[in-house]
Amino acid sequence: MGLSETDVLDVERIRADFPILEREFDGEQLAYLDNSATSQTPEPVVEAIAHYYRHTNANVHRGLHQLSQEASIAYENAHDRVAEFIGADGREEVVFTKNTTESLNTIAYAWGLAELGPGDEVVMTEMEHHAALVTWQQIAKKTGATVKYIRVDEDGYLDMDHARELVTDDTEMVSVVHVSNTLGTVNPVSDLADLAHDHDALCFVDGAQSVPHMPVDVGEMDADFFAFSGHKMCGPTGIGVLYGKEHLLEEMQPYLYGGMMISKVTFEDSTWHELPWKFEAGTPVICQGIALAEACDYLDDIGMERVDRHGRSLAEYAYDRLSEFDDIDILGPPGDDRGALVSFNLGDVHAHDTSEILNDFAVAIRAGDHCTQPLHDKLGVPASARASFYIYNTREEVDKLVRAVDATRELFA
Amino acid sequence: MGIGGSDMYRQQILDHYKNPRNYGEIEDATFTHTGENPMCGDTIEMDVVLSEDEETIEHVAFRGDGCAISQASASMLSERLQGMAVEDLRTMDRDDVIDMLGVDISPMRVKCAVLAEKVAQDGTDIYFGELDVEKTTTEDDD
Ligand SMILES: Cc1ncc(COP(=O)(O)O)c(C=O)c1O
């Protein structure tokens, strides 16, 4: 791709793939700025889903008939495609799940319950999403392990000195979010993986907000486990990915049992199928997996470098425009050093009120704790309003956001 | 305002939010009760003074924090409760609250709207020994 990678996105062309963006509410055109929650789905992915059900639908693995073979091959190849997208070594390292949350729970149950015990420690960050935070917190309760949290400093960065203090030889797992869905902070995950490995601990990286937005290479990062969701990256809901280093997945026992994941079953015992199928019990997410592979194609056709640059530039623009107002408090790092989102509070106005007024302008944002309640408690706010951007968003939409925030201010003045 | 889809933020709501009535404390309240709406982080603490025969509400004061709907609702309710029969408070329901607010409340915000009413009702029930909770939450009921 070379030089063309430095080009900007052809947003007009991209928008044509997302008819939902043309929706109007009371004559106002939708400005969809809730992409951290879920992204919209482009036509080629919708087509792939329709095509699958119109032409290829069959159950996988078992069937000897032509349709089942076609579905099986497409489903298995989807694992290869996703592996390539994130720099994994192959399908053995890519398990399809329901979402990021299930990917985290898979490791928490399959690895955590077996390996953790009293005296062991799981180190997370204060900006962890509930998907990781609640999961490890509860697994720790079950096993007698302890959870610790790397401090987030005033600018929304991880306190790496604190990280080096917390990660010790008692640490078994370092579970960190790659890009914070609340602060927008991009964390130094490969440093954290190194730190974990220095103490013979494993590192789980939550990539729910990174894979959709930036080039990711799990090998280079050296994460042991990595998770993300299809629905935040132009794919459908109902599909997530769990990446794991092959030798680790090989050693682990599955935690969901049933059909498809077995090799030989007798009345007395069972043996497991090869990777990754060992971790995909029952009829898997066939159509969703195939559609996710299509989403990877779609994003790669645009170029992940470009996707990244576009998202960051919109976030910076929004940051700068919102910073013009003294009464707006923006959470997280500076505008030129964040992922594609900006969370803020307008004076004392509750974020739910802000969001409701913005809705009158057909500006769709999220308001709440964004599944990071402890982080909001630490910041001393009950909630925040979050605008998050993707490939089809424009500066004009950011301008509209700012106008709507202005109107909110006037109303509440 | 832009296109006025939702009219939740009519002048009356905003007025009560910005200038809450009966905001503060009552020292010799008959009872005090608190509640919260964990989803939003809205909180309401309410002091209630009953008449000697304990059949009528004489005074109400509240303190709180949260979204405009929850706080305006508490303010309006505090006025409404003044002089109300305890029995009438007990039979209030969410439709009465929404009527009182005089605007359409979107489904996601009903919890915010009814928080103050729930606090007043639960506080009453606790006082009369019919309920045993420390705090009201609008988590799993509306
Ligand atoms: C950082 C982060 N982790 C985990 C999740 C959970 O994703 P899902 O709900 O798809 O499991 C999200 C999305 O909300 C997220 O932003």
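The model shown is predicted, which means the values in this text are computed figures rather than measured ones. (Residues numbered from 1 in each chain as written. Chains lettered and ligands numbered in written order. Predicted model: local features only at pLDDT ≥ 70, side-chain atom pairs only at ≥ 80, totals over all residues.)

Further remarks concern the pairing of strand E9 (residues 225-229) of chain A. Residues and elements named next belong to chain A. Taken across its five residues, E9 has five buried, putting it largely inside the fold. Taking every second residue as pointing to the same face, both faces of E9 are buried, with Phe225, Ala227 and Ser229 on one and Phe226 and Phe228 on the other. Both E9 and strand E10 (residues 240-244) contribute to a ladder of five bridges, which runs antiparallel. From the neighbouring strand, Ser229 faces E10, where its bridge partner is Gly240. (Buried ≥ 20, exposed ≤ 12 C-beta atoms within 10 Å, placed from the backbone. Helix = DSSP H or I, 4+ residues; strand = E, 2+ residues; numbered from the N terminus. Pairing = 2+ DSSP bridges.)

Residue and element names in this part refer to chain A. Orientation of helix H12 (residues 351-360) relative to helix H14 (residues 395-412), taken along the N-to-C sense of each, is 120 degrees, at an axis distance of 9 Å. On the basis of their axis angle, the class for H12 and H14 is oblique. Handedness of the crossing formed by H12 with H14: right-handed. Mapping the contact onto sequence places Thr354, Ile357 and Leu358 in H12 and Ala404, Ala407, Thr408 and Leu411 in H14. Split by residue class, the contact of H12 with H14 holds five nonpolar, two polar and no charged. (Axes fitted to C-alpha atoms, helices over the stretch in contact; angles between N-to-C directions. Parallel < 35°, antiparallel > 145°, perpendicular 65-115°, else oblique. Left-handed = near helix turned anticlockwise from the far one by under 90°. Contact = placed C-beta atoms within 7 Å. Nonpolar A, V, L, I, M, F, W, Y, C, P; charged D, E, K, R; others polar.)

Before going further, it helps to spend a moment on the nonpolar core. Residue and element names in this part refer to chain A. Formed by 155 residues in total, the largest nonpolar core has its most connected members in Val82, Ile86 and Val174. Residue assignment places this core across two domains, with domain 1 (2-32 + 303-412) and domain 2 (46-300) each supplying three or more. Residues contacting Ile86, with those up to four places away along its chain left out, are Val211, Val216, Val218, Phe226 and Tyr243. (Core = buried A, V, L, I, M, F, W, Y, C linked by C-beta atoms within 7 Å. Domains from an automatic or database assignment.)

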